[in-house]
Amino acid sequence: MTTFKIGRRRADGSTPLPGGAARRTFRFQQRLAPYLFVSPFLILFAVFGLYPLVKSILLSLYVTNGPRDHVFVGLSNYRFLFSDPDFGVAVRNTAVYTFWTVFLQLPLALGLAILLSQKWLKGRNWFRLAFFSPQLVGQVFVGVIFMVLYVPQYGLVNHAIHAVHAGFPLDTKWLGDARLVMPALVLASLWMYVGFNMIYFLAALQAVDRQLYEAAMVDGANGWQQFLAVTLPGIKPVAVYVLVMATIGSLQLFELPYTMLQQSAGPDKSGLTIVMYLYQNGYITGDLGYASAVGWTLALGILIVSLIQMRVTGVWKGASA
Amino acid sequence: MSRFPFGSAALALLVVALLSGLWLAEDPVGGRKATLTLWVFSKEHYENYQNVLPAFLAKHPGVTVDVQLVSNNGLAARLQAAMVAGVDVPDMCEIEITNAGTFFRGPLKEVGFLDLTDRIHRSGLWDQLVRARFAPYTKQGRIFGLPHDVHPVALAYNREAFERLGIQPDRIRTWDDFIAVGRRVTRTTGANPRYLIELSDTSEGQLELLLFQRGGGFFDANGHCTLDNEKAVETLAWYVPLVAGSRRIGNDLGGGQVLTQAVEQGYLLSLITPDWRSRTYENDIAHMSGKMALMPLPAVRQGGRRTSTWGGTMMGITKRCAHPDLAWELAMQLYYSREKLADRYQKSNILPPKRDLWNDPAIQAPKAYWSGQRLGRIYSTLAPHVLPQYASPFLELAKNKLSEALVACVQQYNASGDAGFKAFCRRRLKQSAEEVRRQMARNPY
């Protein structure tokens, strides 16, 4: 019987070389061990990640009534998708939301981070917690809060605007007027995500070498020039990461409009996003095949947008260099 | 232990994993223990059934019933997924009327509920219930659900405000009468705006039931989309001026506490109200007790139908139910028996669809909240006139498309008024209907 003798020392302190069967066992274990260690992840990923991915690609080629009952239609789902005006509206809404959230969110988050990194500001930690806290409650909670804030006639938002501008109608329907739904969504998402992204920028700002600022000051650079020449390059990797993640998150928007618009797409589909369109087709109409086609189209879109962002910001080139 | 190559900690983890796996295999989580499991989405139904169950259980010693409250959206999505995947589903389930059609999407043999048609005819329910209420739960002539309700619609109004403004409900017979009053009392501007009726300018809710009142709907009995027929065009062209332009008489602020304030403060003077919603007011607008009253909906034409319908629920028995006879008996007890009927009615105001129950003293009793009116009598008088609605997996889509058409028509009316408006409504509804038909054409079943 082979025993596990590796490393057992002789009386003189030397370690014997493993021999025969022991050596074979040792080599087998050495070869096997890495696979055994990664196997839990691989098995879970294969079952819950890879299989659904492959299955959903296949599913997107069928019209389905659940997984058991399906009819092969080839690329017809994709053809229908690109000719469906509702999908066009969903893409447009999602793009508009993404544009406004990203291009308002990031400068605001960076501005807040710079402000809250100033040593003269008292209670900085409290402010950081306060700005970050909306992130702790999740999109559904934020959606419910803003739904109440936007209530016509009795809501806080309308009363606040009315107090400043008496001509503003109290019964303005933020979530019932197709022109106001998107601004209402963007505002709610800013409240939720500006503080979250601020934390990334705060961390990045702390990592910028202080000596560079001192050198810039010696060279006569003013505050704005220091920001452009020292701060921005210093936080660039984090800024690109935040940009890409914020874009991906915005393209996947679902819970916020779903909650605020009470499970609908809003007036004139003004709150219909791509993921909501996917959900409606997959779980309301019950066509999982078509929903899979929407899902893969979205995934491909996100990949392309992310690659473009990385290319434009130079991160991709930097990584390959 | 020393033979296990990766140490005692890894061995311990492996043993725990194996033992817990074996335990789960032996006693799966969520395994059903009760004889019958029932999913419901309404808290009121859930509470009512808890009251009725003891009598049923007393008749069936050894039988257990597990009633589970699940959110409406969660219930529909989970049940649909479970049915099509062929995994464990409850024995019985309540489905909201809008969701019912999605369960009938596939071929007839793939519907996850038992075909109850023969049982319904054998038991006499076909003749005893308001027959129109079977329609939403029917596919190709086969009935898969028992109707829980009729949900006839009346008009609830602020009696005190009506009296103050000199509005006499008895003299309002038609919508023309009602609109004339509305043009007189509605104030759309100023510090205290006031609207005669709650009507939405963005969602199809009230428009839909006014379409039903005229005999229209989203689909016909054969499942064809009827969203752009002449009834729908007429209804839309008539409805939009009620919620748009300077002479509007209707507005909508939303539900919940906003609605409470809108009614209490006189922003809204009347609301289209099915039986279930009357109970919502009693709970949520309690301050208006004794100040509210009910009248039939105004008719489209003199002597015409003075009601419509809003909402509904069915009870289905799933094909995986091991005790269908027992499940049927339970459904009869919960829906159509006189057991705790008074209690059930008082907690919900919902009129059962079985006509012989309507003479129950509890249903006929006056209600203090409604200025002493006999609520059940009003609704039971209207109930036989409710028209059928037809199910479709594309109902939700059709509703969305009607909403889109409404919004477009409201914008058009605000911009251009009456000029060419009916033709615009026709074009816009046709566009919406075509979009529904395109989706339907993809369904090979």
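Just so we're clear, the structure is a prediction, and the values are computed from it rather than from any experiment.

1. Looking at the overall build of chain A
What chain A contains, in helices and strands, is 13 helices and 2 strands. Computed over the C-alpha atoms, the radius of gyration of chain A is 28 Å, more than 25% above the 20 Å expected from 2.2 N^0.38 for a compact globule of 321 residues. Principal-axis analysis of the C-alpha atoms gives chain A an extent of 95 × 70 × 35 Å. Relative to its 321 residues, chain A shows a buried fraction of 34%. When contacts within chain A are restricted to residue pairs at least 6 apart in sequence, long-range pairs at least 24 apart make up 68% of them.

2. Side note on the domain arrangement of chain A
Entries for chain A in the domain assignment read domain 1 (20-59) and domain 2 (78-320). Its C-alpha centre places domain 1 of chain A at a distance of 38 Å from the equivalent point of domain 2 of chain A.

3. So, unusual backbone geometry
Phi at Asp 268 of chain A is positive, roughly 55 degrees, even though this residue is not glycine. Phi at His 151 of chain B takes a positive value of approximately 50 degrees, unusual for a residue other than glycine. For His 151 of chain B, the location among the structural elements is in the loop between strand E6 (146-147) and strand E7 (153-158).

4. What about the nonpolar core?
Core analysis: the largest hydrophobic core is formed by 124 residues, its most contacted members being Met 92, Ala 154, Leu 227, Leu 236, Ala 331, Ala 398 and Cys 409 of chain B. Two domains each donate at least three residues to this core, and these are domain 1 (36-147 + 310-339) and domain 2 (154-309 + 388-441) of chain B. In contact with Leu 236 of chain B, other than residues within four places in its own chain, are Ala 405, Leu 406, Cys 409, Cys 425 and Leu 429 of chain B. Counting residues in each nonpolar core, the second largest holds 61 residues, with Met 192, Tyr 193, Val 275 and Ala 291 of chain A among its members.

5. Describing the interface of chain B and chain A
A common way to express how large an interface is: the accessible area buried when the components associate. Every contact between the two is made by 34 residues of chain B and, on the other side, 27 residues of chain A. Mapped onto the side of chain B that touches chain A, the elements with two or more residues apiece are helix H3 (72-85), helix H11 (256-264) and helix H17 (395-416) of chain B. Of the residues forming the side of chain B that touches chain A, the biggest block, 6 residues, is contributed by H17 of chain B. Along the lines of polarity and charge, the residues of the side of chain B that touches chain A split into 16 nonpolar, 11 polar and 7 charged.

6. A short note on the environment of Thr 297 of chain A
In this fold, Thr 297 of chain A is placed in helix H12 (residues 288-312). Taking the C-alpha atoms as reference, Thr 297 of chain A lies 14 Å from Asp 84 of chain A; in sequence the two are 213 residues apart.

7. Brief notes about the confidence of the model for chain B
Atom-level detail of predicted coordinates should not be read off regions where pLDDT is low. For chain B, per-residue confidence averages 92 on the pLDDT scale, and 98% of positions sit at 70 or higher. Complex prediction metrics read pTM 0.82 and ipTM 0.76.

8. Thoughts on the sheet that holds E7 of chain B
Residue and element names in this part refer to chain B. With antiparallel pairing, the 3 strands of this open sheet are ordered in space as E10-E7-E11. Lying at the two open borders of the sheet, with one neighbouring strand each, are strand E10 (270-274) and strand E11 (292-296). In this sheet, neighbouring strand axes are inclined to one another by 35 degrees on average, regardless of whether the strands run parallel or antiparallel.

9. Remarks on helix H1 (residues 7-26) of chain B
The end-to-end C-alpha distance of H1 of chain B, which contains 20 residues, comes to 29 Å, matching closely the 28 Å that a straight helix rising 1.5 Å per residue would cover. Buried residues are scarce in H1 of chain B, accounting for 0 of its 20 residues.

10. Some remarks on the domain arrangement of chain B
All names here are of chain B. Assigned domains of chain B: these are domain 1 (36-147 + 310-339) and domain 2 (154-309 + 388-441). Taking the mean C-alpha position of each, domain 1 and domain 2 sit 31 Å from one another. Across the boundary between the two partners, domain 1 contributes 14 residues, which contact 13 residues of domain 2.

Criteria and cut-off values
- Residues numbered from 1 in each chain as written.
- Chains lettered and ligands numbered in written order.
- Predicted model: local features only at pLDDT ≥ 70, side-chain atom pairs only at ≥ 80, totals over all residues.
- Helix = DSSP H or I, 4+ residues; strand = E, 2+ residues; numbered from the N terminus.
- Rg over C-alpha atoms; globule rule 2.2 N^0.38 Å.
- Buried ≥ 20, exposed ≤ 12 C-beta atoms within 10 Å, placed from the backbone.
- Contact = placed C-beta atoms within 7 Å.
- Domains from an automatic or database assignment.
- Core = buried A, V, L, I, M, F, W, Y, C linked by C-beta atoms within 7 Å.
- Nonpolar A, V, L, I, M, F, W, Y, C, P; charged D, E, K, R; others polar.
- pLDDT = per-residue confidence, 0-100.
- Pairing = 2+ DSSP bridges.
- Axes fitted to C-alpha atoms, helices over the stretch in contact; angles between N-to-C directions.
- Expected span 1.5 Å × (residues − 1).

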